[in-house]
Amino acid sequence: MPVVTSFRRLSEEEKYERFMQRIEAGEKIEADDWMPEDYRMTLIKLIAMHAISEIMGALPEKEWVPKAPSLRRKLGIMAKVQDEMGHGQLLLRVAEDLMAPLGKTREEIMQDLFKGDLKFHNVFHMPAPTWADAGLIGWLVDGAAIITQTNMLDASYGPYARALKRICAEEVFHAQHGESIILALAEGTKEQKEMLQDALNRWWEALLMFFGPASSETTGASKQDITIKYRIRTKTNEQLRQDFFTKYVPRILALGLKLPDETMHFDEKQGKWIYKQPDWNKFKEIIRNNGPKSKERLRLRELSYYHNAWVREALSGQSAAV
Amino acid sequence: MKITKPEELHQHPEYKEALVELLFQLADDDFILSYRGSEWLGLAPHIEEDIAFSSINQDTMGHAAMYYQLLEDIGIGKADDLAHQRPSSERRNAVLLEEVNGPGHYLHEPRYDWAFAVVRHYFYTQAKKVRIDSLKHSSYEPLAQVAVKINMELYYHLMHWRTWFIQLTNAQGEARERMKNAVAKVFEDFGGVLTLGAKGDRMVEFGLIESEETLKQRWVQAMKPIFEEVNLDLPSEFGMKRGNGRNGEHTADLDEAIMTLSEVYRLDPLTAW
């Protein structure tokens, strides 16, 4: 008790200073701990977006769940997409705890998504027109997700770090699931190989955009500075993108695939990959929900949300009261 | 008579014929309902249900895969081909299970009916439970072994759907109306789930499964207290309004479903995917 009382008596500046000392010492902040307002808001935004992205991320693969070409593949992709929904739920719970002191709930998250105030990840606005796209999402999109999420495994906010630990463990299985689909295609018929190369060409730019712009100058906004300051993440967007290249470029080439970027090479002197920048104007459009599939996928989620409102009402007992 | 290995079936062609028929019914039922369930992905009333439902669909697809594997082991064809290649006229699933989830397409403007989903899955799962309990004593031992495995997962499926059914039917207003309509709709074709089809008598004679009438009575017994709890009448006869799927009678819904679920497979049925 004396500790709590003395902490309450501190000025805001002193609380902030204590807070920074804690996170710089590697301590974890818990849901009920004091935290600066912008830390809370940054986390809510980051985690709600992550949660919603997991859930919206099920939609590009949704098309291929019923269509998977064998019983084994059907079972595999069902399990994979179920995991993604599970991640979404786990993260929603983390976001809900952070929002509780503000009097906000999951309902606000959904409404913000429908209004366009809460974004879902730019990679999930892209079309997935073939079975190879389903494999590529598992292999490279989940592979990219592992890289960004690993970067936050030691996040200063304990509940998020713990959720990420579990998520990353499952993402490794997803990447293997995707890789297995990709391998079958890469070793398959001419048509299968072409289908795979097409999918890579289609997804390449989206994979570069996945990590976000190198600096806020590119698009006018980036959360990376504040998230690094608060020890939520350690590496910059560009470092993550470079890590992705280092891990996946050799693997892509080993499968006999061509990189859709002829300028791409590793510069020994600079110690980094040189590549053609994606069209960041396109990126800006995507994050305004003007991507190729943005509207369609939002519509799917919104329609199901309202169409099933009677079920949630029945469960909450509201209709009994009417 | 007990048959312990597929090889022994060569000496019993009539037994084999009845067994194959039964296995197709079991496999096709689970396969098509799991498919319908998978169309719900991302569209369930809340995220928690999306996760639970897709877990059930996965289990159910796993059960279908086990039955198709039993057919493959008997030499009827490769499991994947049996699941993806057969036209609707060769399918043995109940018509109720092939019906679309509601208006719309699973990617465009789906207006799926959650009341129908709950009632169809609950009633079917209870019928499956009755069947599985009987199959645990089947004269075909590989099938009895599969039944034991499936039974473990069924416990949770049944509990899940029973909870939904009671909660929504006992809610007042719109939910109860919707549930009553769904119950009436499901009963119109539920006879097709309970029947063993034209070769049912042979299946019983060979000790593969108990009689249709026995199974039906067990289903009614299991449902009676539930219907009392939700204050609804339980009929004693169930319809087969749109035909008997056990005899290969099906609707256009099944043709469309087969086209979708085999779309990639059909690009090249001979290659590995």
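Here the structure is shown first, and the text comes after it.
For every chain, the first residue of the written sequence is number 1, and numbering continues from 1 onward in sequence order. Whichever chain is written first is A, and whichever ligand is written first is 1; the rest continue in order. Restriction of local features to residues with pLDDT of at least 70 applies here, the model being predicted, together with a cutoff of 80 or more for giving and counting side-chain atom pairs; totals for whole chains, interfaces and linings are based on all residues. Side-chain measures were taken over the full set of non-hydrogen atoms in the model, leaving aside hydrogen atoms and water.

1. Observations concerning the overall build of chain A
So, point 1. The secondary structure listing takes helices from DSSP runs of H or I that are at least 4 residues long and strands from runs of E that are at least 2 residues long, numbered from the N terminus. Assigned secondary structure in chain A consists of 16 helices and two strands.
So, point 2. Radius of gyration: over C-alpha atoms. The globule rule applied is 2.2 Å multiplied by the number of residues raised to the 0.38 power. Computed over its C-alpha atoms, the radius of gyration of chain A comes to 21 Å, within 12% of the 20 Å expected for a compact globule of 322 residues.
So, point 3. In terms of overall dimensions, chain A has C-alpha extents of about 70 × 65 × 35 Å along its principal axes.
So, point 4. Expressed as a percentage of contacts within chain A between residues at least 6 apart in sequence, the contacts between residues at least 24 apart total 76%.
So, point 5. We count Lys and Arg on the positive side and Asp and Glu on the negative side, and we leave His and both chain ends out. Positions of charges follow a simple convention, taking NZ of Lys, CZ of Arg, CG of Asp or CD of Glu. One finds the centroid of the 46 positive side-chain charges in chain A at a distance of 2 Å from the centroid of its 46 negative side-chain charges. Should any heavy atoms of two residues lie within 4.5 Å, those residues are considered in contact.

2. Points about helix α14 (residues 294–307) of chain A
So, point 1. The end-to-end C-alpha distance of α14 of chain A, which contains 14 residues, comes to 20 Å, matching closely the 20 Å that a straight helix rising 1.5 Å per residue would cover.
So, point 2. By the burial criterion, the buried members of α14 of chain A are S294, R297, L298, L300, R301, L303, S304 and Y305 of chain A. To estimate how far a helix should reach, multiply one less than its number of residues by 1.5 Å. Residue burial is assigned from relative accessible area. The probe radius is 1.4 Å, only protein chains are included, and a residue is buried under 20% of its type maximum, exposed over 50%, and partly exposed in between.

3. Examining the interface of chain A and chain B
So, point 1. Contacts between the two partners involve 44 residues from chain A and, on the opposite side, 55 residues from chain B.
So, point 2. Note: buried area is the sum, over both parts, of the accessible area (probe 1.4 Å) each one loses when the two are combined. The junction of chain A with chain B conceals about 4,500 Å² of combined surface from both sides, 66% of it contributed by carbon and sulfur atoms.
So, point 3. Area buried by chain A at its contact with chain B is led by K62, L71 and W310 of chain A, which between them contribute 17% of it.
So, point 4. Any Lys or Arg side-chain nitrogen found within 4 Å of a carboxyl oxygen on Asp or Glu counts as a salt bridge. Run the count over chain A and chain B and you get three salt bridges.
So, point 5. Notably, a salt bridge pairs E48 of chain B with R106 of chain A, separated by 2.8 Å at the nearest N-O pair.
So, point 6. Within 3.5 Å is the distance limit for a polar contact, defined as a pair of N or O atoms, with the added protein rule that one can donate a hydrogen and the other accept it, and that residues adjacent in sequence qualify only through two side-chain atoms. Across the chain A-chain B interface, the total number found is 21 residue pairs in polar contact (both at pLDDT 80 or more).
So, point 7. When contributions to the side of chain A that touches chain B are tallied by element, the ones reaching two or more residues are α5 (71–99), α8 (158–186), α9 (190–209), α14, α15 (309–316) and α16 (318–321) of chain A.
So, point 8. A total of twelve residues in the side of chain A that touches chain B trace back to one element, the largest contributor, which is α5 of chain A.
So, point 9. Under the scheme applied here, ten amino acids are nonpolar (Ala, Val, Leu, Ile, Met, Phe, Trp, Tyr, Cys and Pro), four are charged (Asp, Glu, Lys and Arg), and all others, including Gly, are polar. Its residues assigned to classes, the side of chain A that touches chain B shows 24 nonpolar, ten polar and ten charged.

4. Here's the deal with the side chain of H87 of chain A
All names here are of chain A.
So, point 1. Checked against the element boundaries, H87 lands in helix α5.
So, point 2. According to the relative accessible area criterion, H87 is buried, its value standing at 2%.
So, point 3. Those residues in contact with H87, other than ones at most four positions away along the chain, are E54, I167, E170, E171 and H174.

5. Brief notes about the pattern of salt bridges
All names here are of chain A.
So, point 1. Scanning all chains against the criterion turns up 44 salt bridges over all chains.
So, point 2. The partner of D142 in a salt bridge is K80, with the nearest N and O atoms 3.2 Å apart. On the criterion of sequence distance, the pair formed by D142 in helix α7 (residues 131–150) and K80 in helix α5 is long-range, its members being 62 residues apart.
So, point 3. Among the salt bridges present, the one from R241 reaches E238, with a minimum N-O distance of 2.9 Å. In this pair, R241 and E238 are both assigned in helix α12 (residues 237–254), three residues apart and thus about one turn of the helix distant.
So, point 4. Among the residues examined, R241 registers a relative accessible area of 1% and is labelled buried.
So, point 5. Here E238 falls in the partly exposed class, since its relative accessible area comes to 22%.

6. Regarding the nonpolar core
So, point 1. Counting residues in each nonpolar core, the largest one holds 191 residues, and the members touching the most others are W131 of chain A together with W114, F123, F165, F190 and W219 of chain B.
So, point 2. W114 of chain B has contacts with N308, W310 and V311 of chain A together with W40, P45, E49, F53, W161, W164 and L168 of chain B, leaving out every residue within four places of it along the chain. Residues enter a nonpolar core if they are buried and are Ala, Val, Leu, Ile, Met, Phe, Trp, Tyr or Cys, with the set joined through side-chain atoms within 4.5 Å.

7. Considering the packing of helix α3 (residues 37–56) of chain A against helix α6 (residues 106–115) of chain A
Residue and element names in this part refer to chain A.
So, point 1. Helix axes are fitted only over the stretch in contact, all axes being lines through C-alpha atoms; the angle between N-to-C directions runs from 0 to 180 degrees. Viewed as axis vectors pointing N to C, α3 and α6 meet at an angle of 70°, and their least axial separation amounts to 11 Å. For the element pair α3 / α6, the angle class is roughly perpendicular. Side by side, α3 and α6 meet where A48, I52 and M56 of the first sit next to I109, M110 and L113 of the second.
So, point 2. Per-class residue counts for the contact of α3 with α6 are six nonpolar, no polar and no charged. Note on terminology: angles under 35 degrees are roughly parallel, angles over 145 are roughly antiparallel, angles of 65 to 115 are roughly perpendicular, and the others are oblique.

8. Points about unusual backbone geometry
All names here are of chain A.
So, point 1. Its identity is not glycine, yet R231 carries a phi of approximately 60°, on the positive side.
So, point 2. Inspection of the secondary structure puts R231 in the loop between α11 (224–229) and α12.
So, point 3. The phi dihedral of N289 is positive, around 65°, even though this residue is not glycine.
So, point 4. Judged by its relative accessible area of 8%, N289 falls in the buried class.

9. What to know about helix α5 (residues 114–135) of chain B
So, point 1. Between its terminal C-alpha atoms α5 of chain B stretches 30 Å, which fits the 32 Å expected from 22 residues at 1.5 Å a residue.
So, point 2. Structurally, the start of α5 of chain B carries an N-cap: the backbone nitrogen of A115 of chain B is 3.0 Å from a side-chain oxygen of D113 of chain B.

10. What to know about the side chain of T60 of chain B
All names here are of chain B.
So, point 1. Secondary-structure assignment places T60 in helix α2 (residues 47–74).
So, point 2. In this structure T60 comes out as buried when scored by relative accessible area, which is 7%.
So, point 3. Apart from the residues within four sequence positions on either side, T60 is in contact with D30, S34, K128 and H157.

11. A word on a nonpolar patch on the surface
So, point 1. Taken together, the side chains of Y155, Y156 and M159 of chain B present a nonpolar region at the surface, about 360 Å² in accessible area.
So, point 2. Along the polypeptide, M159 of chain B turns up in helix α6 (residues 141–170). Within the patch definition used here, like charges are joined within 9 Å and nonpolar side chains (Val, Leu, Ile, Met, Phe, Trp, Tyr) within 5 Å, considering only residues with over 30% relative accessible area and no salt bridge. Exposure was quantified through the Shrake-Rupley algorithm and a 1.4 Å probe, taking into account, for residues, occlusion by the shown protein chains and nothing else.

12. Points about the environment of L185 of chain A
So, point 1. Considering the arrangement of structural elements, one finds L185 of chain A in helix α8.
So, point 2. For the pair formed by L185 of chain A and F120 of chain A, sequence separation is 65 residues and the distance between their alpha carbons is 30 Å.
So, point 3. Discounting residues that sit within four places of it in the chain, L185 of chain A has contacts with W131, A132, Q192, K193 and L196 of chain A together with W273 of chain B.

13. What about the packing of aromatic side chains?
Residues and elements named next belong to chain A.
So, point 1. Two rings from Phe, Tyr or Trp (for Trp, the six-membered ring) form a pair when their centres sit within 6.5 Å of each other. Planes less than 30 degrees apart are called stacked, planes more than 60 degrees apart edge-to-face, and all others tilted. Within this structure, the stated rule accounts for 42 aromatic pairs over all chains.
So, point 2. Consider the rings of F19 and Y39, whose centres lie 4.8 Å apart with planes at 70°: the pair is edge-to-face. Within this pair, whereas F19 is found in helix α2 (residues 12–24), its partner Y39 is found in helix α3, the two being separated by 20 residues in sequence. Summarising the burial analysis for this pair, F19 and Y39 share the class buried.
So, point 3. Taken together, the ring pairs in this structure connect W139, W204, F210, F211, F244, F245, Y248, F266, W273 and Y275 into an aromatic cluster.
So, point 4. Throughout this description, the term charge over a ring refers to an Arg CZ or Lys NZ atom that lies within 6 Å of the ring centre and within 35 degrees of the ring normal. Across the ring face of Y248, the terminal group of R251 is positioned such that the distance to the ring centre comes to 5.4 Å.

14. What about the packing of α2 of chain B against α5 of chain B?
All names here are of chain B.
So, point 1. Between α2 and α5, whose axes approach to 14 Å, the crossing angle comes to 40°. One way to sum up the angle between α2 and α5 is to call them oblique. For the element pair α2 and α5, the recorded crossing hand is left-handed. For the pair formed by α2 and α5, the contact residues are E49, F53, N57, T60, H63 and Y67 on the first element and W114, H121, K128 and I132 on the second. A clockwise turn of the near helix away from the far one marks a right-handed crossing, whereas an anticlockwise turn of less than a right angle marks a left-handed crossing.

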